[in-house]
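Each chain, written out:
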Amino acid sequence: MEVIIKADPAAVSKEAAGIFRKQLREKPASVLGLATGGTPLGLYRDLVRLHRAGELSFAHTTTFNLDEYLGLPAHHPQSYRRYMQENLFLHIDVDPARTHIPDGLARDVPRHCQDYEQIITDAGGIDLQLLGLGSDGHIGFNEPGSSLGSRTRIKTLTPRTIADNARFFGSEDAVPRHVITMGVGTILEARHCLVLVTGENKAAAVAATAEGPITAEVPASALQFHRKCTLIIDEAASTQLKRGDYYRWVYDHKPEWQRV
Ligand code: PGA
């Protein structure tokens, strides 16, 4: 796992935008795995800016989002479909028909999850998967205890995640209890995983992800098995890392051809 420590959230977004730009230049028809939440907002703003400047096109991309709340219709202000429309899709040239998000109103949830896996496979698999990190160590909505081989399925949120996300809903009671999420196993099949984390409240989860034992208690720790995972964090999120100085050293000595 490559760990990149940047000064602040804006620098994290900029570094991540560079990775997206490189990916799309090398493969315009990339399959992108996308994430929601507070962390990727800066990146999405940067991608929209690059698109408007004529530096980035999504015309040939296909996208798959990690997760969606069960019970929320697409137009609900807190649905992840709505989030993606407002923060990215409406501002870029992606073909709406090739943007995929689990359906929060799916009637047959197991079947819908199986179909979601199948369309990812049919698209050729995910080239670049963007991820946030929960303060409890989740990726997607794979809460602690999730099987590290799990596939897209229904999950029940933990009280901690409900409390973390209450800020978007106004109260904890309004946060749905169930979600559909890609599994840890689904995520690990992406060819490149890109995890963005900012803020002091994520410092323990970052240390457990990058340096802790691989355990279902911290689903993100499974990324240590991944052959190409880039973890970009800000200084505040780096404070509990044991090898922070080494990661900075590695970054400073990166060969020119590896830089984005
Ligand atoms: P956040 O969520 O970006 O809103 O902190 C991250 C996550 O839960 O994956």
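Let me sum up the structure you'll find in this document. What you see is a predicted model; the values in this text were computed from it and never measured.

**Considering the side chain of Thr 63**
So, step 1. With respect to the helices and strands, the residue Thr 63 is situated in strand S3 (residues 62-65).
So, step 2. When residues no more than four places from it in sequence are discounted, the contact partners of Thr 63 are Leu 32, Leu 34, Phe 89, Val 94, Arg 98, Thr 99 and His 100.

**Digging into the pattern of salt bridges**
So, step 1. Tallying each qualifying case throughout the model produces 15 salt bridges.
So, step 2. Notably, a salt bridge pairs Arg 248 with Glu 235, separated by 2.9 Å at the nearest N-O pair. Taken together, the positions of Arg 248 in helix H8 (residues 244-252) and Glu 235 in the loop between strand S10 (229-234) and H8 put the pair 13 residues apart, joining distant regions of the chain.
So, step 3. For Arg 248, a relative accessible area of 28% puts it in the partly exposed group.

**What to know about the site of the ligand**
So, step 1. Every residue near the ligand is listed here: Gly 37, Gly 38, Thr 39, Gly 132, Leu 133, Gly 134, His 138, Arg 167 and Lys 202.
So, step 2. One nitrogen or oxygen atom from the side chain of Thr 39 is found 2.5 Å from an oxygen atom belonging to the ligand.
So, step 3. Here the ligand has 280 Å² of accessible area as a free molecule, and 85% of this is covered by the chains.

**Some words on the packing of aromatic side chains**
So, step 1. All chains considered together, the criterion is met by 8 aromatic pairs.
So, step 2. Taking 6.4 Å as the distance between ring centres and 70° as the angle between the ring planes, the aromatic pair formed by Tyr 44 and Tyr 83 counts as edge-to-face. Residue Tyr 44 is found in helix H2 (residues 41-52), and its partner Tyr 83 is found in helix H3 (residues 80-87); the two are separated by 39 residues along the sequence. Take Tyr 44 and Tyr 83: they sit in the same class, and that class is buried.
So, step 3. Taking the centre distance of 5.8 Å and the plane angle of 85° together, the rings of Phe 64 and Tyr 116 count as edge-to-face. Of this pair, Phe 64 sits in strand S3 while Tyr 116 sits in helix H4 (residues 109-122), and the two are 52 residues apart along the sequence.
So, step 4. Judged by relative accessible area, Tyr 116 falls into the buried class, the value being 3%.
So, step 5. Taken together, the ring pairs in this structure connect Tyr 44, Tyr 69, Tyr 80, Tyr 83, Phe 141 and Phe 169 into an aromatic cluster.
So, step 6. Taking the ring centre of Tyr 251 as reference, the NZ or CZ of Arg 259 above it sits at 5.5 Å.

**Details of a nonpolar patch on the surface**
So, step 1. A grouping of Tyr 246, Trp 249 and Val 250 is seen on the molecular surface, where their side chains present a nonpolar patch of about 330 Å² in accessible area.
So, step 2. Within the secondary structure layout, Trp 249 lies in helix H8.

**Digging into the sheet that holds strand S4 (residues 67-69)**
Each strand in a sheet pairs with another by means of backbone hydrogen bonds, the pair being arranged parallel or else antiparallel.
So, step 1. A sheet is described by the order of its strands in space; here 3 strands give the open sequence S4-S8-S7, paired in antiparallel fashion. Each edge of the sheet is formed by a strand with only one pairing partner; in this case those strands are S4 and strand S7 (153-156). Between one strand axis and the next, the sheet turns by 30° as a mean value, whatever way the strands run.
So, step 2. Across 4 bridges, the pairing between S7 and strand S8 (residues 178-181) is antiparallel. Bridging from a neighbouring strand, Lys 155 pairs with Val 179 of S8.

Cut-offs and rules
Residues numbered from 1 in each chain as written. Predicted model: local features only at pLDDT ≥ 70, side-chain atom pairs only at ≥ 80, totals over all residues. Heavy atoms only, no water. Helix = DSSP H or I, 4+ residues; strand = E, 2+ residues; numbered from the N terminus. Contact = heavy atoms within 4.5 Å. Salt bridge = Lys/Arg side-chain N within 4 Å of Asp/Glu carboxyl O. Buried < 20%, exposed > 50% of the residue type's maximum accessible area, 1.4 Å probe, protein only. Near = heavy atom within 4 Å. Polar contact = N/O pair within 3.5 Å; in protein donor to acceptor, adjacent residues only side chain to side chain. Areas by Shrake-Rupley, 256 points an atom, 1.4 Å probe, with all protein chains shown as cover. Phe/Tyr/Trp six-rings, centres within 6.5 Å; stacked < 30°, edge-to-face > 60°. Lys NZ or Arg CZ within 6 Å of the ring centre and 35° of its normal. Patch = residues over 30% accessible without salt bridge, like charges linked within 9 Å, V, L, I, M, F, W, Y side chains within 5 Å. Pairing = 2+ DSSP bridges. Axes fitted to C-alpha atoms, helices over the stretch in contact; angles between N-to-C directions.

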